[in-house]
Amino acid sequence: LKLQRDSTLANFFIIEEKDKNDKKENVFVISEALMRISNSDDSLVCLKAFESLLLCVTLADPLVTSAIATSQFPLLLASKMKQHLQLLPSSLHYSEIINCKAGWGVNYASSSAVQCLTPSPQNPLLHLEAYLSWLDYCEQIVAASPEVL
């Protein structure tokens, strides 16, 4: 939260690295660490990592935004979406979709958001909930992030 109040603090967490072609790029080490943590086996750890990534994309610093945009973050979002899409049941009844209670955020921390990160193969409706929760998360990313992301 201090980074949101004073965006100049974010510069302390930007490092410059060279890629394979000796091209310099900025890396925001906080988001890189959170992306690694988001692969944890513990669903609640994953949830907190993704919530923190959501906060990172709202930072107004152009260096941070550029670093996140060129990081693996967009690929992480897409791969999670693909994972959930592949797990959706091949057929769903209209009422199952309408009655699905899914979303992202504090109100859903005990159910949808956690299921979104580790959906259960035993309950196909949880896959729908996970997919819709992930869509809600992505929508929040789009709404909160600067246009470059």
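For the structure itself, consult the block above.
Note that the structure is predicted; figures quoted are calculated from it, not measured.

Q: Would you take a moment to explain helix α4 (residues 62–69) for this structure?
A: A turn of α-helix holds 3.6 residues, and therefore any two residues three or four places apart point the same way. Within the sequence span of α4, burial applies to Val-64, Thr-65, Ala-67 and Ile-68. Angularly, the buried residues of α4 cover 165° about the axis, an arc narrow enough to put them on a single face.

Q: Any chance you could explain the pattern of salt bridges here in plain terms?
A: Should the charged atoms of two oppositely charged side chains come close, the side chains can pair. In the structure shown here, the tally under the stated rule is two salt bridges. Across the pair Glu-16 and Lys-24 runs a salt bridge whose closest N-O atoms are separated by 3.7 Å. Residue class for Glu-16 comes out exposed when judged on its relative accessible area of 54%.

Q: What exactly am I supposed to notice about the nonpolar core here?
A: If you look at soluble globular proteins, the nonpolar side chains tend to sit buried side by side. With 25 residues, the main nonpolar core has Phe-28, Leu-53, Phe-73 and Tyr-137 as its most contacted residues. Within the residue set of this core, elements represented by two or more residues are α2 (29–37), α3 (43–57), α4, α5 (73–87) and α8 (124–144). Setting aside residues no more than four positions away along its own chain, Leu-53 makes contact with Ser-31, Leu-34, Met-35, Phe-73, Leu-76 and Tyr-137.

Q: Teacher, can you tell me more about the packing of α3 against α5 here?
A: Helix-helix packing: each pair is described by the crossing angle between the helix axes and the interaxial distance. Axis separation between α3 and α5 bottoms out at 13 Å; the angle between their running directions is 135°. In this view, α3 runs oblique relative to α5, as classed from their interaxial angle. α3 and α5 meet at a crossing whose hand is left-handed. On α5, the residues that touch Phe-50, Leu-53 and Val-57 of α3 are Phe-73, Leu-76 and Lys-80. When the residues that make up the contact of α3 with α5 are grouped by side-chain class, the tally is five nonpolar, no polar and one charged.

Q: Hey, could you run me through the pairing of strand β1 (residues 14–18) in this one?
A: Working note: regular strand, side chains alternate between the two faces of the sheet. Where β1 and strand β2 (residues 24–28) come together, five bridges link them in antiparallel fashion. When the sheet's bridge partners are listed, Glu-17 is paired in β2 with Glu-25. As consecutive antiparallel partners, β1 and β2 are separated by five residues, and within that stretch Asp-22 has a phi angle of approximately 60°, a positive value.

Rules of the game
Residues numbered from 1 in each chain as written. Predicted model: local features only at pLDDT ≥ 70, side-chain atom pairs only at ≥ 80, totals over all residues. Heavy atoms only, no water. Buried < 20%, exposed > 50% of the residue type's maximum accessible area, 1.4 Å probe, protein only. Helix = DSSP H or I, 4+ residues; strand = E, 2+ residues; numbered from the N terminus. Arc of directions from axis to C-beta. Salt bridge = Lys/Arg side-chain N within 4 Å of Asp/Glu carboxyl O. Core = buried A, V, L, I, M, F, W, Y, C linked by side-chain atoms within 4.5 Å. Contact = heavy atoms within 4.5 Å. Axes fitted to C-alpha atoms, helices over the stretch in contact; angles between N-to-C directions. Parallel < 35°, antiparallel > 145°, perpendicular 65-115°, else oblique. Left-handed = near helix turned anticlockwise from the far one by under 90°. Nonpolar A, V, L, I, M, F, W, Y, C, P; charged D, E, K, R; others polar. Pairing = 2+ DSSP bridges.

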